[in-house]
Each structure stands twice: as structure tokens, then as C-alpha cells.
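These are the residues of each chain, in order.
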Amino acid sequence: MRAQLRWDIVCRVVDNYGDAGVAWRLARQLAHEHRQRVTLWIDDFAPLALLVPGIDPTRPAEAEGVQVRRGPADARWTPGDVVIDAFGGGLPASWIDAMASAARPPAWAVLEYLSAEAWVDDAHLRASPEPHTGLARHYWCPGFTSATGGLLREGDLLERRDRFRRDPGAAAAVLSALGVTVPTRARVGLVFCYPTAALPDLFDAWSEGGDPVVALVPQGAAEGALDRWCGGAVPQPGAPVVRGALTLASIPFVPQREFDALLWSCDFALVRGEDSFVRAQWAAMPFAWHAYPQDDGAQFAKIGAFHDRFLQGAPAEAADAVRAFNGAINRADGTALAAAWDAFDRSRATLRIHAAQWADHLAAHPDLASGLVRWVESRL
Ligand code: TRH
């Protein structure tokens, strides 16, 4: 029988939805699948309220078995069994002191950013003493190999995905609930990327292309590019903008637990950050990854490292198409985008098969939450 432990997950929101999204996904899975007692301490309820319906941004809440509290600053807290510092945002000095004076200090893990780079294998589970108390913090590094901390994946995710795909009406039902009608022969793509100067060039390529494309743009994403391309007359949910072969459809931001079905309803996706990037991989679909842009261009090493793993064994033409399309998006290279899209689109059938093999390969590794639970139990 598994021990029911008290977990405190601390999340300081830097920007967008991914900090809250990853912390919430982990919290929910620990509570739901592993029956742990979980509190998520978050300093900004707004992104969480979008991801999780029913969370009231003004007050503490309980959602799907997780206690949600504002913090960690100024929060009254007594140490439990495990503390997870999501993305290394840091713990208040009062928490660290309380942990150091506890009869049995909690296990303390810093959940790192996801990377496919080779150093992650060595960095995973490395310990570093907290300078004032000497308490050991362990770095939990998500990643793509069995030497890393793995990826978040709910136990029933792939089964739900396959069931959805076997249901001939499932995708149309999801799209129609979002107010989207799909013309015959159209490919449907989710456009969830960062603001980039190149996006209007991609819209041009789609609009001037042969086969129809329906581009689903979640509300709040890529607004500047939409505005520029549409000359201010931006699409609204239920009222798309149609130009040439492109239907540009604005869709409401869906709750996180519906995000997978949105991906499964698409033929391809542009995803970003960390969580949507991972979900597109579990969706086993052709996707492009707009990595979080960093001032020093560090994202390009991450993209290269990911491609080296992901494209191993992929047919050369499809692999080149992925590199070129991702390159054009991440470099905001509008002039390269039309040709890159054509090649990517031509490779879609091959990429679908490759993506399914990749998802199976990843699913052979333990998922992140299960790995964490096992690590904590091994320390009891
Ligand atoms: O929003 P992101 O860009 O998040 C981030 C942050 O920039 C953060 O600072 C950085 O640390 C991190 O990325 C790596 O992208 P991401 O990670 O894909 O998170 C988006 C979340 O929003 C993800 O959980 C999926 C969810 N989502 C929905 O639930 N519904 C929606 O309709 C959409 C479009 C997304």
C-alpha cells in the first residue's frame, strides 16, 4: 500500500501559462493517480483560473483533489513530506528554516526546465546543499531518456488518445463545440506559438496555397500578428476570417484537461514552451515547436538537441522538412516559411507515422510523476 504523503508544490509565475500549467499538471496527477495530499502554492492565480475551471482567483480553493493556495511569500506553512520548487523559483527563507528544524526535513526537489540536451542525463538528481542550512536540494530534470526525470504523462493518456482517434465523430464534435466548421479537404492546424514577425508570412502561404487550411488560434495567442494580417478586423470565436485557402478561426482558450482533445482534433500543430510541446508529442501528430525565445539564443541549442533525438530514424526528407519548418519559425524567417511549410505539409503522412513511433518510444520510460513518487518513497 502506497504511503500517503504531504506534498507542497511551489510555483512562481514568470509569464504565460506554462509555469502554472506544468505545476498544476504535476499536482493533479500526484493527487489523482498517486493519492497524495497535495497543496499547490502559486503567486498568481490568473493563469491557473484559465487552465482549471472553477478556481476563483480571489480565494484559496480545492480543485480535483488539490489544495490551491496563494504563496509561498507570506504564507503560514509547516513542513510536510515533500517540497517541489517548480522551475527553481525559490522558497522563502522562513520555509527553509522550518524545513531545517523539522524532525525529519522534507525531501526537496527543484523541478527543472525540460531539455533534450545531453548534460541533462548527468544533472538529473544531482544534489546541491542550500547555503545557509546545508539541506540537500535535488534537481529533478525532465527529459527524453531513461537517465532523466522523464515527461509528465497521465496513466490513461495514450489509451484516451487512441479511443478518441477511433471515434469517427470525435474531432468534428470538438471543433464544432468551439464554433469551427471545417471545409472539405481542409487540414486543421492549431496555432499556439509566441508572437513572431513571421506568422503573417505563414498566413500568406496558407492563404495562397492550393489545399484549404483551417488555422485555429486560441484567444490571447499571437494577437499582434493576427491584427496585422487581418488589418484590425480580427476573427472572433464563431466568426472566422476567410482569405483565399485560409480560414483563420479564433477559438476560446480551453481548460487544460480539454487541451489534448483539441490537439487530437487537428492535423498538425504549432506549439510552444514546454507543456504544449510535450502534449503534441503524446498526441503523435506532425508539429512544429516554437521554443521560448531567450535573449542569448539558448533556445537554438535546445531545438537542435531535440531534433537530434526526435528525428533519429525518421526518413531524411521528412526530417529535413521538420528542421526547415522549425528553423523558419524560430528564426522568424518569413521568406523561408512558404517553402518550408510546403515541404512539411508534403511530409505530413510520414511524420504522423514517425510521431506515433516517437510517442511509443517515450512512453516506454516511466512518467515524471511516478518517477518522483518512487524517488521520494526510496528516501523514507
Ligand atoms: O504558455 P507557455 O508559453 O508557457 C511557458 C512560459 O512562457 C514559461 O515562462 C516557460 O517557463 C515555459 O513555457 C517553458 O507554453 P506552454 O508551456 O506550452 O504552456 C501552455 C499551457 O496552456 C499548457 O499547459 C497547455 C495550456 N493550454 C490550455 O489549457 N488551453 C488552451 O486553449 C491552450 C492554447 C493552452
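The model shown is predicted, which means the values in this text are computed figures rather than measured ones.

Cut-offs and rules
- Residues numbered from 1 in each chain as written.
- Predicted model: local features only at pLDDT ≥ 70, side-chain atom pairs only at ≥ 80, totals over all residues.
- Heavy atoms only, no water.
- Near = heavy atom within 4 Å.
- Polar contact = N/O pair within 3.5 Å; in protein donor to acceptor, adjacent residues only side chain to side chain.
- Areas by Shrake-Rupley, 256 points an atom, 1.4 Å probe, with all protein chains shown as cover.
- Helix = DSSP H or I, 4+ residues; strand = E, 2+ residues; numbered from the N terminus.
- Domains from an automatic or database assignment.
- Buried < 20%, exposed > 50% of the residue type's maximum accessible area, 1.4 Å probe, protein only.
- Arc of directions from axis to C-beta.
- Contact = heavy atoms within 4.5 Å.
- Salt bridge = Lys/Arg side-chain N within 4 Å of Asp/Glu carboxyl O.
- Phe/Tyr/Trp six-rings, centres within 6.5 Å; stacked < 30°, edge-to-face > 60°.
- Lys NZ or Arg CZ within 6 Å of the ring centre and 35° of its normal.
- Pairing = 2+ DSSP bridges.
- Axes fitted to C-alpha atoms, helices over the stretch in contact; angles between N-to-C directions.

It is worth spelling out the site of the ligand at this point. Taken together, the neighbourhood of the ligand is formed by 22 residues, with Asp15, Tyr194, Val254, Asp275 and Ser276 sitting nearest. Here Asp19 contributes a side-chain N or O atom positioned 3.3 Å from an oxygen atom of the ligand. One nitrogen or oxygen atom from the main chain of Glu274 is found 2.9 Å from an oxygen atom belonging to the ligand. In isolation the ligand has 700 Å² of accessible area, and contact with the protein removes 98% of it. Counting residues per element, the shell around the ligand draws most heavily on helix H1 (residues 18-32), which supplies three residues. Counting only domains with at least three residues in the shell around the ligand, you end up with domain 1 (6-151 + 365-379) and domain 2 (157-363).

What follows covers helix H3 (residues 93-101). Buried within H3 we find Trp95, Ile96 and Met99. An end-on view of H3 places all buried positions within 100° of arc, on one side of the element. Exposed positions of H3 whose direction lies more than 90 degrees from the buried face are Ala93 and Ser101. Those residues of H3 that are buried lie in contact with strand E1 (6-11), strand E2 (37-42), strand E5 (82-86) and strand E6 (107-111).

The next point concerns the pattern of salt bridges. Where charged atoms from two side chains of opposite charge approach closely, those side chains can pair. Within this structure, the stated rule accounts for 17 salt bridges. In this structure, the salt-bridge partner of Asp8 is Arg6, at a minimum N-O distance of 2.9 Å. Between Glu154 and Arg279 there is a salt bridge whose closest N-O contact spans 2.7 Å. Linking Glu154 in the loop between strand E8 (136-140) and helix H5 (157-166) with Arg279 in helix H10 (residues 275-282), this pair joins segments that are 125 residues apart in sequence. Judged by relative accessible area, which is 7%, Glu154 ranks as buried. Take Arg279: its relative accessible area is 1%, and that puts it in the buried class. Members of the salt-bridge network, linked through shared partners, are Arg25, Glu154, Asp260, Asp275 and Arg279.

To describe a pair of aromatic rings, you give the distance between the ring centres and the angle between the ring planes. Counted under the stated rule, the structure contains 29 aromatic pairs. Centroid distance Tyr17 to Phe253: 4.6 Å. Interplanar angle 45°. Geometry classified as tilted. Here the residue Tyr17 occupies a position in the loop between E1 and H1, and Phe253 occupies one in the loop between strand E12 (246-251) and helix H9 (256-264), the gap between them amounting to 236 residues. Site record: aromatic cluster; members linked through ring pairs are Phe144, Phe277, Phe287, Trp289, Phe306, Phe310 and Trp358. Between the NZ or CZ atom of Arg70 and the centre of the ring of Phe45, over which it lies, the distance is 4.6 Å. Looking at Arg137, its charged tip hangs above the ring of Trp108, at a distance of 5.7 Å from the centre.

Here we come to the side chain of Arg6. Its place among the elements puts Arg6 in strand E1. A distance of 2.4 Å separates a polar atom in the side chain of Arg6 from the backbone oxygen of Thr78. Setting aside anything within four residues of it in sequence, one finds Arg6 in contact with Arg37, Trp77, Thr78, Pro79, Gly80, Asp81 and Val82.

Our next topic: the environment of Pro106. With respect to the element layout, Pro106 can be found in the loop between H3 and E6. Exposure remark for Pro106: the relative accessible area of 7% places this residue in the buried category. Remark: the alpha-carbon pair of Pro106 and Val376, spanning 270 residues in sequence, is separated by 9.4 Å. Leaving out residues up to four positions away in the same chain, Pro106 has contacts with Pro79, Gly80, Asp81, Val82, Val83 and Met99.

Right, let's talk about the sheet that holds strand E14 (residues 287-290) for a bit. With mixed pairing, six strands are arranged side by side in an open sheet as E11-E12-E10-E9-E13-E14. In this open sheet, the two edge strands, each paired with only one partner strand, are strand E11 (241-243) and E14. Strand after strand, the sheet turns through a mean of 15° between neighbouring axes, direction not considered. Of the pairings in the sheet, the one linking strand E10 (residues 213-218) to E12 comprises six bridges and is parallel in character. Bridged to Leu216 within E12 is Ala249. Along the sheet face, H9 touches strand E9 (187-191), E10, E12 and strand E13 (268-272) and points at about 145° away from the line of E9. Taken strand by strand, helix H12 (residues 316-330) contacts E13 and E14, and its axis lies near 35° from that of E14.

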